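Remarks on the overall topology
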Amino acid sequence: MQLDLSIIIPTFNERENVQKLVELLHQAIGEKIKWEAIFVDDNSPDGTYQEIQKSAKAWGNVRGIRRVGRRGLSSAVIEGMLASSAKFFMVMDGDLQHDEKIIPKMLAAIQANNLDLVVGSRFVGAGSTGELAANRVKISRFATTLSQQILKIKLTDPMSGFFMLSRQFFEQNVGRLSAIGFKILLDLIASSKTPPAFVELPYQMRKRTAGESKLEPIVVWEYLLLLLDKSIGRFIPLRFMMFVAVGLSGVLVHLGILYVAINLNYSFVIAQIIATIMAMTSNYILNNIFTYKDKRLTGRKFFQGLLSFYLACSFGFLVNILLADFLFELNNIWWLAGLLGAVVGSVWNYGMTKYITWR
Ligand code: GDD
Ligand code: MN
């Protein structure tokens with residue numbers, strides 16, 4: 001059967017909201033629309049998936065995808081859409097904060113006007129942020145201002161997590177998505193080569209009654225990464241930018257430790273060796289946390305990774321020195337030789353550790 005609408009609901013620790021949401025959706029949508037709900041749960045420790053299973057048994061149009069060892073709202077939503085064959089997709093939170101009653105109106109709008117997108121907005125007409133804490137509203141406003149740089153259209157609520165899109169719009173852009181963090185709507189719009197045809201419909205955000213928000217500091221960080229990836233990321237891979245940033249922090253670590261060790265009366269060679277090892281170790285740890293967050297090595301793998309990182313980076317070091325020396329002999333411009341040596345060395349380290357350490 002060709003479904004009209006797939007409602008994609010990412011969940012993490014929403015146990016008490018799942019069954020209630022499924023009931024509300026059935027009340028709000030009615031019989032005329034052929035729809036399904038796909039929950040995408042990242043193996044929540046609170047047992048959300050068991051609740052999804054109960055709903056799936058009770059209703060024929062509810063199913064769940066369980067992702068193990070993965071986290072991320074945007075990537076969850078993308079995988080939900082990829083698992084569906086409906087003509088349109090709805091994305092909404094699993095915590096009852098989004099108003100399911102406007103879904104039929106959204107579907108009517110997208111079908112009648114042949115739109116790419118219909119966005120539920122808290123900032124048009126009768127829309128409101130409800131009882132959302134004042135500082136959350138401020139953060140949202142600020143994030144909205146930042147987003148104008150990468151969007152080709154003017155939305156009142158680009159931070160919205162409540163929107164509908166056509167399959168066609170999704171398929172045109174799925175290959176270009178960054179899939180980082182929380183802001184899948186922004187990702188979709190910024191990935192599109194042409195400005196999407198859209199309308200915004202107002203809704204009033206409800207208060208969360210069970211469970212808690214996952215909007216933690218890391219979400220802000222991931223938002224900045226998304227903005228970066230959608231701007232300069234077209235020219236320089238985001239991971240490489242992060243790798244270089246970590247490398248620069250390593251230079252500071254190196255100089256700091258060198259300074260301390262020399263003041264502790266170690267010989268220069270010993271001080272330099274200690275500083276080098278410490279800087280490589282701190283680079284490894286930071287890259288493992290930030291640059292390769294999605295492939296983070298833990299337990300025994302952490303130490304194996306560290307060894308391979310040392311190995312790859314010492315070759316990189318050699319490449320850097322040999323090349324810089326060769327260039328310096330050639331043209332005598334010290335900073336150019338030094339810079340090119342460092343750049344080639346980091347590209348080498350990046351390439352090697354990408355395939356050896358975090359493969
Ligand atoms: N699968 C999965 N994986 N789901 C997640 C993850 C994750 O890592 N993190 C959060 N979720 C789910 C939550 O369980 C919830 O159903 C939904 O994504 C939104 O998360 P909340 O933690 O409730 O976010 P919020 O209320 O602070 O913000 C939401 O609403 C805003 C207003 O529309 C988000 O959708 C924002 O993007 C949006 O701006
Ligand atoms: Mn929420």
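Cut-offs applied
- Residues numbered from 1 in each chain as written.
- Chains lettered and ligands numbered in written order.
- Predicted model: local features only at pLDDT ≥ 70, side-chain atom pairs only at ≥ 80, totals over all residues.
- Heavy atoms only, no water.
- Near = heavy atom within 4 Å.
- Polar contact = N/O pair within 3.5 Å; in protein donor to acceptor, adjacent residues only side chain to side chain.
- Areas by Shrake-Rupley, 256 points an atom, 1.4 Å probe, with all protein chains shown as cover.
- Helix = DSSP H or I, 4+ residues; strand = E, 2+ residues; numbered from the N terminus.
- Nonpolar A, V, L, I, M, F, W, Y, C, P; charged D, E, K, R; others polar.
- Domains from an automatic or database assignment.
- Contact = heavy atoms within 4.5 Å.
- Buried area = accessible area lost by both parts, 1.4 Å probe.
- Phe/Tyr/Trp six-rings, centres within 6.5 Å; stacked < 30°, edge-to-face > 60°.
- Buried < 20%, exposed > 50% of the residue type's maximum accessible area, 1.4 Å probe, protein only.
- Lys NZ or Arg CZ within 6 Å of the ring centre and 35° of its normal.
- Patch = residues over 30% accessible without salt bridge, like charges linked within 9 Å, V, L, I, M, F, W, Y side chains within 5 Å.
- Salt bridge = Lys/Arg side-chain N within 4 Å of Asp/Glu carboxyl O.
- Lys, Arg positive; Asp, Glu negative; His and termini not counted.
- Charge placed at Lys NZ, Arg CZ, Asp CG, Glu CD.
- Pairing = 2+ DSSP bridges.
- Axes fitted to C-alpha atoms, helices over the stretch in contact; angles between N-to-C directions.
- Arc of directions from axis to C-beta.
- Core = buried A, V, L, I, M, F, W, Y, C linked by side-chain atoms within 4.5 Å.

Turning our eyes to something else, we now look at the site of ligand 1. Lining the immediate environment of ligand 1, one finds 28 residues, of which Glu14, Asp42, Arg71, Met159 and Lys214 sit closest. With respect to ligand 1, the backbone of Phe12 contributes an N or O atom lying 2.9 Å from an oxygen atom. Measuring from an oxygen atom of ligand 1, one finds a side-chain N or O atom of Ser213 at 2.8 Å. Alone, ligand 1 offers 740 Å² of accessible surface; in the complex the protein occludes 98% of this. Those elements giving two or more residues to the shell around ligand 1 turn out to be β1 (5-11) and α3 (73-82). The residue inventory of the shell around ligand 1, partitioned by class, reads 10 nonpolar, 8 polar and 10 charged.

Moving on to the domain arrangement of the protein chain. Looking at the protein chain, the domain boundaries give domain 1 (5-231) and domain 2 (238-355). Summarising the inter-unit geometry, the C-alpha centres of domain 1 and domain 2 are found 40 Å apart. Counting residues at the interface gives 7 residues for domain 1 and 5 residues for domain 2. For the pair domain 1 and domain 2, the summed buried surface comes to about 500 Å²; carbon and sulfur atoms form 79% of the total.

Evaluated as defined, the whole model comprises 11 aromatic pairs. Ring plane angle 50° and centroid distance 5.5 Å describe the contact between Tyr284 and Phe309, whose orientation is recorded as tilted. With Tyr284 in helix α10 (residues 268-291) and Phe309 in helix α11 (residues 300-331), this pair connects stretches of sequence that are 25 residues apart. With respect to class, Tyr284 is no different from Phe309; both count as buried. When the ring centre of Phe12 is taken as origin, the NZ or CZ atom of Arg71, which lies over that ring, is 3.6 Å away. Over the ring of Phe123 we find Arg141; its NZ or CZ atom is 4.3 Å from the centre of that ring.

Residues Lys152, Arg176, Lys193 and Arg234 make up a contiguous surface patch of positive charge. Within the secondary structure, Lys152 is located in the loop between α5 (134-147) and β6 (163-166).

Moving on: unusual backbone geometry. Even without glycine at this site, Asn13 takes up a positive phi of about 55°. With respect to the helices and strands, Asn13 occurs in the loop between β1 and α1 (18-29). Classification of Asn13 as partly exposed rests on a relative accessible area of 24%. Here Leu96, not a glycine, exhibits a phi torsion of approximately 70°, which is positive. Mapped onto the secondary structure, Leu96 falls in the loop between β4 (88-91) and α4 (103-112). Residue Leu96 is classed as buried on the basis of its relative accessible area, which comes to 11%.

Here we have 7 strands laid out as an open sheet, ordered β3-β2-β1-β4-β6-β5-β7, and mixed in their pairing. The outermost strands of the open sheet, each flanked by one partner alone, are β3 (62-66) and β7 (198-202). Across the sheet, the axes of successive neighbouring strands diverge by a mean angle of 20°, strand direction being ignored. Contacts between α4 and the sheet are confined to β1, β4, β5 (117-121), β6 and β7, with β6 contributing the most and set at about 30° to the helix. Across the sheet, helix α7 (residues 184-191) touches β5 and β6, and the angle it forms with β6 is around 35°.

Along α4, the residues classified as buried are Ile103, Met106, Leu107, Ala109 and Ile110. Taken down its axis, α4 places every buried residue within 160° of arc, on the same side. What points out from α4, more than 90 degrees from its buried face, is the exposed set Lys105 and Ala112. For α4, the elements touching its buried residues are β1, α1, β4, β5, β6 and β7. Directly after α4, the chain includes Asn114, whose backbone phi takes a positive value near 55°.

Turning our eyes to something else, we now look at the nonpolar core. Considering soluble globular proteins, one finds that nonpolar side chains tend to be buried as a cluster. Leu5, Ile7, Leu25, Phe39, Ile103 and Met164 are the most contacted members of the largest nonpolar core, which totals 35 residues. Top element by residues in this core is α1. It accounts for 6 residues. Discounting chain neighbours no more than four positions away, the residues touching Met164 are Leu5, Phe88, Phe89, Met90, Ile103, Met106, Leu107, Ile110, Asp116, Leu117 and Val118. Core analysis: the second largest hydrophobic core is formed by 31 residues, Val77, Met81, Phe163 and Leu226 among them.

What follows is about the pattern of salt bridges. Per the stated rule, a full pass over the model turns up 17 salt bridges. Of the charged contacts, one joins Arg67 and Asp42 as a salt bridge, the two residues approaching to 2.7 Å between their closest N and O atoms. Of this pair, Arg67 sits in the loop between β3 and α3 while Asp42 sits in the loop between β2 (35-41) and α2 (48-58), and the two are 25 residues apart along the sequence. The exposure classification of Arg67 matches that of Asp42, with both residues buried. Salt-bridge contacts for Lys54 lead to Glu51; the nearest nitrogen and oxygen are separated by 2.9 Å.

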